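# Descriptive structure summary
Read off the chains here:
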Amino acid sequence: MATDKYIKNYINGALLPPDSGAYFDNYNPATGKVYSQIPDSDAKDVQLAVEAAERAFPAWSKTDVNTRFRILARIADIIEQNLEEFAKAETIDSGKPIKTSTTIDIPRAHQNIRFFATAVLHFASESHHMPGEAINYTLRQPIGVVGCISPWNLPLYLFTWKIAPALATGNCVIAKPSEMTPMTAFLLAKACMEAGLPDGVLNIIHGYGPKAGQAIVAHPKIKAISFTGGTETGKKIIQTAGPMFKKMSLELGGKNPNIIFADCDFDEMMIGTLRSSFTNNGQICLCGSRIYVERSIYDKFKTEFVKRTRFLKVGDPFSTVTDMGALVSKAHMEKVMSYLALAEVEGGTILCGGKPVKVKGEYEEGYYLSPAVIEGLPIGCRTNQEEIFGPVVTITPFDKEEEAIAMANGTQFGLSATVWTKDITRANRISEQLHAGIVWINCWLLRDLRTPFGGVKASGVGREGGLEALRFFTETKNVCVKY
Ligand code: NAD
């Protein structure tokens, strides 16, 4: 299952070049060099994929769940057996440390597939009895052909998180990975072929969002869109898919608060906060980028947090001592750096980091940035309001619980929040008041795949995870039988 220079679309069970024959460059962010070519697919490729999916749907939707389970489980096994190759491809595409790809991204990808392959075996629907009169029962049927579009930050992890429940519930899928990180989706196509997934059940189209992605969203035969990505892209998707009455699940951006009380376990909180700030270079929608610290421990927190941040090793993603690899692209690095300049204009003080890092040898042209901690910014400024999605956090003291909650809720976003305190009553009281789809108390990114996942406000519409995903990918019908 070697990685080829020319990535191919996966349509009707075959690996195909784009209809136009056009490709564009795929960069390795660790070296800043082009290393493969991505199909510049368009509406014609999407059309071909939809036709294949429509042909496959009648048989796949009627295939019994045990057979679907077996095929999906085989795909998961193939990914697991080729862990090293998948992890290497993920690291080259995204710049993330190989230890992250090997221990988080790829394991989670095969877990996602197994999780939904087995979940569908236990999926049941309700009945509602009207005594002496009738019985209602609920049918949950596959929707048909659905679209799954995912971002670059957790490439195969998020791609499979959507595709697996869609396929497990009997849909046929047109999927598009990010054009920044297409390689593991290409490897997934090969795994599906090896596992014997019937032709046309999953089709993977590569290319630019506004072209290939938009063609998926706009296609009249694609009845549902599951999207993860930026809030602005989410708005565009709603504008196209909304008037077409498509079912939509939108997992969008975040600007997540991390509230730290003086009574927390300081060491655990410190380890957790370093992780929530800088894992994957801060390029996780769930990273806590606004840190609110109770004033009585603010100075102690600041000193220790800055010290440990300075200690993080930025560099060669393939070195096992690297904590932070390259940012995903030159454009993204420039965007993150523009926010660091803005933070200073807005009156913030950069306590550490925020500077390009030169890594020697073949990595000299890579996109490396030292992690930054900023203080002295008000909640209303752009640095604290807009998603930076990089290794940048702001720290702010607070005096009262209500003040921390007001600041935590004070942006357009509402994806996740973290609270550090030993006072469990307070933790529960705050959780109730936070505008977020996910709250972590004394932990971060502790995930149980059965739990609902998603955001409120500009962080999204709908929920993924567990039964929520199975419900999203099925159409609910009530049948009422009088007796
Ligand atoms: P993005 O919105 O630029 O792109 C995401 C995907 O959408 C890509 O595949 C892209 O090609 C495609 N796309 C772009 N324009 C499109 C269009 N007009 N029509 C259809 N598809 C289009 O996001 P990104 O930069 O790849 O990812 C970073 C963003 O994703 C951040 O905002 C981050 O918070 C968010 N994110 C959210 C979650 C979540 O679960 N809420 C998880 C991960 C990332």
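Preceding this section is the structure that the text describes.
Quick caveat, the model's predicted, so the values are computed rather than measured. (Residues numbered from 1 in each chain as written. Predicted model: local features only at pLDDT ≥ 70, side-chain atom pairs only at ≥ 80, totals over all residues. Heavy atoms only, no water.)

## So, the overall build of the chain
The helix and strand tally for the chain stands at 15 helices and 20 strands. For 483 residues, the compact-globule estimate of 2.2 N^0.38 gives 23 Å, and the C-alpha radius of gyration of the chain, at 23 Å, lies within 12% of that figure. With the C-alpha coordinates aligned to their principal axes, the bounding extent of the chain is approximately 70 × 65 × 40 Å. When burial is assessed residue by residue, the chain has 58% of its 483 residues classed as buried. (Helix = DSSP H or I, 4+ residues; strand = E, 2+ residues; numbered from the N terminus. Rg over C-alpha atoms; globule rule 2.2 N^0.38 Å. Buried < 20%, exposed > 50% of the residue type's maximum accessible area, 1.4 Å probe, protein only.)

## Structural notes on the packing of helix H5 (residues 155–168) against helix H6 (residues 183–195)
Across the interface, H5 lies against H6 with an axial gap of 8 Å and an inter-helix angle of 50°. As far as their axial angle goes, H6 and H5 are oblique. As for the relative orientation of H5 and H6, their crossing is right-handed in sense. Two secondary-structure elements touch here, H5 through Pro 155, Leu 156, Phe 159, Thr 160 and Ile 163 and H6 through Thr 184, Ala 185 and Leu 188. (Axes fitted to C-alpha atoms, helices over the stretch in contact; angles between N-to-C directions. Parallel < 35°, antiparallel > 145°, perpendicular 65-115°, else oblique. Left-handed = near helix turned anticlockwise from the far one by under 90°. Contact = heavy atoms within 4.5 Å.)

## Notes on the site of the ligand
Neighbouring the ligand are 29 residues, the closest being Ser 150, Glu 179, Thr 233, Leu 252 and Glu 387. In this structure, Gly 209 approaches the ligand through a main-chain N or O atom, which is 3.3 Å from an oxygen atom. Coverage of the ligand by the protein chains reaches 89% of its 850 Å² of free accessible surface. Mapped onto the shell around the ligand, the elements with two or more residues apiece are helix H7 (209–218) and strand E10 (222–228). Of the residues forming the shell around the ligand, the biggest block, five residues, is contributed by H7. Here the shell around the ligand is composed, by residue class, of 13 nonpolar, 12 polar and four charged. Looking at which domains feed residues into the shell around the ligand, each of domain 1 (9–252 + 457–482) and domain 2 (257–441) supplies at least three. (Near = heavy atom within 4 Å. Polar contact = N/O pair within 3.5 Å; in protein donor to acceptor, adjacent residues only side chain to side chain. Areas by Shrake-Rupley, 256 points an atom, 1.4 Å probe, with all protein chains shown as cover. Nonpolar A, V, L, I, M, F, W, Y, C, P; charged D, E, K, R; others polar. Domains from an automatic or database assignment.)

## Section: the sheet that holds strand E6 (residues 134–142)
With antiparallel pairing, the three strands of this open sheet are ordered in space as E5-E6-E20. Two strands in the sheet have a free side with no partner beyond their single neighbour: strand E5 (127–130) and strand E20 (474–482). The average undirected angle you get between the axes of adjacent strands in this sheet is 20°. Bridge analysis of E6 against E20 gives nine bridges, and the strand direction is antiparallel. In the sheet register, Thr 138 faces E20, and the bridge partner there is Asn 478. (Pairing = 2+ DSSP bridges.)

## Points about the sheet that holds strand E18 (residues 438–441)
Pairing in this open sheet of seven strands is mixed, and the strands run E14-E15-E16-E13-E12-E17-E18 from one edge to the other. Sheet topology places strand E14 (349–352) and E18 at the edges, where each strand pairs with a single neighbour. Direction aside, neighbouring strands of the sheet carry axes that sit 25° apart on average. Bridge count between strand E12 (residues 256–260) and strand E17 (residues 416–420): three bridges; the pairing is parallel. Residue pairing in the sheet places Asn 258 in a bridge with Thr 418 of E17. Across the sheet, helix H13 (residues 401–408) touches E12, strand E13 (288–294) and strand E16 (392–398), and the angle it forms with E16 is around 150°.

## Some thoughts on the pairing of strand E15 (residues 372–375)
If a strand is regular, its side chains alternate between the two faces of the sheet. Alternating positions in E15 separate into two faces, Ala 372 and Ile 374 on one and Val 373 and Glu 375 on the other, with burial throughout. Where E14 and E15 come together, three bridges link them in antiparallel fashion. Its bridge partner being in E15, Cys 352 is matched across the sheet by Val 373. The sheet contact formed by E15 and E16 spans four bridges and is parallel. For Val 373, the partnering residue across the bridge sits in E16 and is Val 393.

## Overview of the nonpolar core
One finds Ile 75, Leu 188 and Leu 202 to be the most contacted residues of the largest nonpolar core, which totals 93 residues. A total of 10 residues in this core trace back to one element, the largest contributor, which is H5. Shared between two domains, this core holds at least three residues of each, these being domain 1 (9–252 + 457–482) and domain 2 (257–441). Excluding residues that lie within four positions of it along the chain, Ile 75 makes contacts with Ile 113, Leu 188, Ala 191, Cys 192, Ala 195 and Leu 197. Within the second largest apolar cluster, 27 residues are counted, among which are Ala 326, Val 359, Tyr 368 and Val 393. (Core = buried A, V, L, I, M, F, W, Y, C linked by side-chain atoms within 4.5 Å.)

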